[in-house]
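Inside the fold
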Amino acid sequence: DQQVKQNSPSLSVQEGRISILNCDYTNSMFDYFLWYKKYPAEGPTFLISISSIKDKNEDGRFTVFLNKSAKHLSLHIVPSQPGDSAVYFCAASALSGNQFYFGTGTSLTVIP
Amino acid sequence: EAEVAQSPRYKITEKSQAVAFWCDPISGHATLYWYRQILGQGPELLVQFQDESVVDDSQLPKDRFSAERLKGVDSTLKIQPAELGDSAMYLCASSLALRRAETQYFGPGTRLLVL
């Protein structure tokens, strides 16, 4: 049973435009969320996090938005750069445990 | 910059054989994780160590999988016997401490193919 879902397997965006990656979750106990980026032949790399006490967290070109009522989070990349081309995973965890549940990933391609 | 090391990077084996994967976490990281990532899916936690102790192995198929971190530093994940469905990427990660806010640093993974 997939508790974290990324329904878009792939996304293509022109360089300089905004990339929006979406993630939905089903477990209402999840209160801490992460985004990871993964290049081919490498392990995932931490990108940005957000706690449920916030609805937005920003780090440079990357902003994560959390909509708790909709159980939805999104990652915005502005402006998108070719080096952002990678697979992006969202992950969620509940206060009661240390385990993170990962989505299936979205492959982002930024076209020069 | 310190990295998590994993070996081998690739492993091909026949079903019913034994395989072992090794992970060396970032120096000073007390928490170590093993994940399995099946093609097209996200990483799934198999086992989590705090120093040499297992914190969570609820997702580890214990009839065939075993993991150890004897001295609280490097770790070995073993599968015996391997099955076709074990073909996946096995990722190791480490973090400074057992806290959700601690960043997990992932190694490059071991890609296993069971024939």
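Note that the coordinates shown come from a computational prediction; the quantities given were computed from them, not determined experimentally. (Residues numbered from 1 in each chain as written. Chains lettered and ligands numbered in written order. Predicted model: local features only at pLDDT ≥ 70, side-chain atom pairs only at ≥ 80, totals over all residues. Heavy atoms only, no water.)

On to the overall build of chain A, then. Looking only at helices and strands, chain A features zero helices and 11 strands. Starting at the N terminus, the α and β elements of chain A follow one another as β-β-β-β-β-β-β-β-β-β-β. Its C-alpha atoms give chain A a radius of gyration of 13 Å, near enough to 13 Å, the size a compact globule of 112 residues would have. When the backbone C-alpha atoms are referred to their principal axes, chain A occupies close to 45 × 30 × 20 Å. Split into buried and exposed, the 112 residues of chain A put 45% on the buried side. Relative to all contacts within chain A whose residues are 6 or more apart in sequence, the contacts with residues 24 or more apart total 54%. (Helix = DSSP H or I, 4+ residues; strand = E, 2+ residues; numbered from the N terminus. Rg over C-alpha atoms; globule rule 2.2 N^0.38 Å. Buried < 20%, exposed > 50% of the residue type's maximum accessible area, 1.4 Å probe, protein only. Contact = heavy atoms within 4.5 Å.)

Turning our eyes to something else, we now look at the sheet that holds strand E8 (residues 72-77) of chain A. Residue and element names in this part refer to chain A. The strand order E1-E3-E8-E7-E6 describes an open sheet built from five strands, whose pairing is antiparallel. Strand pairing shows two members of the sheet lacking a second neighbour, strand E1 (4-5) and strand E6 (56-59), which therefore form its edges. Where strand E7 (residues 62-67) lies against E8, six bridges are found, and the strand directions are antiparallel. Within the sheet, the bridge partner assigned to leucine 66 lies in E8 and is leucine 73. (Pairing = 2+ DSSP bridges.)

Residues and elements named next belong to chain A. The final tally for this structure, using the stated rule, is two disulfides over all chains. The disulfide partner of cysteine 23 is cysteine 90, and the S-S distance across this bridge is 1.9 Å. Given an S-S torsion of about 65°, the disulfide between cysteine 23 and cysteine 90 has right-handed geometry. Placement of cysteine 23 in strand E3 (residues 19-25) and of cysteine 90 in strand E9 (residues 86-94) is noted, with a sequence separation of 67 residues between them. For the pair shown, cysteine 23 and cysteine 90 are each scored as buried. (Disulfide = S-S within 2.5 Å.)

Moving on: the pairing of strand E5 (residues 45-51) of chain A. Residue and element names in this part refer to chain A. Sheet analysis places strand E4 (residues 30-38) next to E5, joined by six bridges and oriented antiparallel. The partner of phenylalanine 33 across the bridge, within E5, is isoleucine 50. Linkage of E4 to E5, two consecutive antiparallel strands, is achieved through a turn of six residues, within which alanine 41 is found at a positive phi near 65°.

Listed per partner, the contact involves 20 residues of chain A and 21 residues of chain B. Summed over both sides, the interface of chain A with chain B buries roughly 1,700 Å², with 53% coming from carbon and sulfur. By the criterion of area lost to chain B, the three top residues of chain A are Asn98(A), Gln99(A) and Phe102(A), representing 32% of everything that side buries. Across the contact surface, chain A and chain B share one salt bridge. Salt-bridge contacts for Asp31(A) lead to Arg100(B); the nearest nitrogen and oxygen are separated by 2.5 Å. There are seven residue pairs in polar contact (both at pLDDT 80 or more) connecting chain A and chain B. Those elements giving two or more residues to the side of chain A that touches chain B turn out to be E4 and E9 of chain A. Take the side of chain A that touches chain B: its biggest share by element is four residues, from E4(A). The class makeup of the residues in the side of chain A that touches chain B is 10 nonpolar, seven polar and three charged. (Buried area = accessible area lost by both parts, 1.4 Å probe. Salt bridge = Lys/Arg side-chain N within 4 Å of Asp/Glu carboxyl O. Polar contact = N/O pair within 3.5 Å; in protein donor to acceptor, adjacent residues only side chain to side chain. Nonpolar A, V, L, I, M, F, W, Y, C, P; charged D, E, K, R; others polar.)

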